[in-house]
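Each chain, written out:
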Amino acid sequence: MLFVLVIVLVLLLIYGPHLWIRHVMARHGGTLDELPGTGGELARHLIERFDLGDVEVEPTSGGDHYDSAARKVRLSPDIMNGRSLTAVAVAAHEVGHAIQYHRQERITHLRQRYSPLAMTIQKIAIGILLAAPLLAAVFHVPQIALVTVLAGILAMLASALIQMIILPMEWDASFNKALPILIEGEYISQSQYAAARSVLRAAALTYVAAALVDMLRLGRWLAILRAAIR
């Protein structure tokens with residue numbers, strides 16, 4: 001019973017932030033006719049207002065983000081076409097990233113330096129974990145498989161921790177860029193400030209939540225590998 005309770009608590013700690021983010025986004029995702037426009041319209045307006053050059057806004061099915069290489073603010077359909085606090089706050093957050101890169105702020109080095117590294121380490125980790133059963137079968141030495149699995153686990157955890165290094169950049173996009181823009185530009189009313197802060201907090205923590213969920217993905221790999229090694 002205690003073991004089950006520990007597992008449940010660990011799963012809540014790992015998956016809880018992701019569930020909280022989804023809850024916040026859904027809670028403030030209802031249509032508000034009093035808002036001046038959709039998330040996509042606000043993003044285009046802010047790009048023009050802050051003179052961000054050739055930055056464009058386009059729809060995506062891959063999650064809301066700013067692509068610094070392509071200079072595109074990519075928004076999911078609900079954000080692009082939504083007239084909700086979630087839509088305008090997330091759109092402002094992603095434009096906040098565009099502003100960071102346009103101004104060449106030093107904080108952008110966090111993503112440029114560490115995101116590719118995290119992805120590379122994650123691919124290496126998956127490769128190592130996949131190799132474990134093969135090494136065990138070829139050499140008939142269980143210790144080799146165990147060492148290989150341990151190396152894969154450490155690489156996967158390192159990838160998740162590296163993703164967390166990007167948090168200051170996300171926090172800046174939400175609370176030093178998006179929130180002041182929304183308040184000072186009077187894009188939202190005073191009664192909506194608290195809700196906007198909640199959405200922007202959720203937007204800032206998205207990468208951290210994704211890194212934690214990667215640990216669940218690690219758990220799935222370990223289950224597969226344990227079955228394969230047996």
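Residues numbered from 1 in each chain as written. Predicted model: local features only at pLDDT ≥ 70, side-chain atom pairs only at ≥ 80, totals over all residues. Heavy atoms only, no water.

Colleague: Explain the overall build of the protein chain to me, please; I cannot follow it from the model alone.
Modeller: Helix and strand counts for the protein chain stand at nine helices and three strands. When the helices and strands of the protein chain are listed from N to C terminus, the series reads α-α-β-β-β-α-α-α-α-α-α-α. (Helix = DSSP H or I, 4+ residues; strand = E, 2+ residues; numbered from the N terminus.)

Colleague: Sorry, what's going on with helix 2 (residues 39-49) here?
Modeller: Side chains of residues three or four places apart in an α-helix project in the same direction, reflecting 3.6 residues per turn. Every buried residue belonging to helix 2 is among G39, G40, L42, A43, L46 and I47, and all of these are buried. Buried positions in helix 2, seen along its axis, are confined to an arc of 160° and lie on one side of it. The inward-facing, buried residues of helix 2 contact strand 1 (56-59), strand 3 (72-75), helix 3 (77-81), helix 4 (85-102) and helix 7 (167-184). Phi turns positive one or two residues past the end of helix 2, at D51, with a value near 50°. (Buried < 20%, exposed > 50% of the residue type's maximum accessible area, 1.4 Å probe, protein only. Arc of directions from axis to C-beta. Contact = heavy atoms within 4.5 Å.)

Colleague: Whenever I open this one, helix 4 confuses me. Can you help?
Modeller: For helix 4, spanning 18 residues, the distance from its first C-alpha to its last is 25 Å, which sits close to the expected 26 Å at 1.5 Å a residue. Counting buried residues in helix 4 gives 17 out of 18 residues, a clear majority hidden from the surface. Phi turns positive one or two residues past the end of helix 4, at Q104, with a value near 55°. (Expected span 1.5 Å × (residues − 1).)

Colleague: Please explain the environment of Q163 as it appears in this structure.
Modeller: Position of Q163 relative to the elements: it lies in helix 6 (residues 142-164). Here Q163 falls in the buried class, since its relative accessible area comes to 10%. With 44 residues separating them in the primary sequence, Q163 and Y207 have C-alpha atoms 6.7 Å apart.

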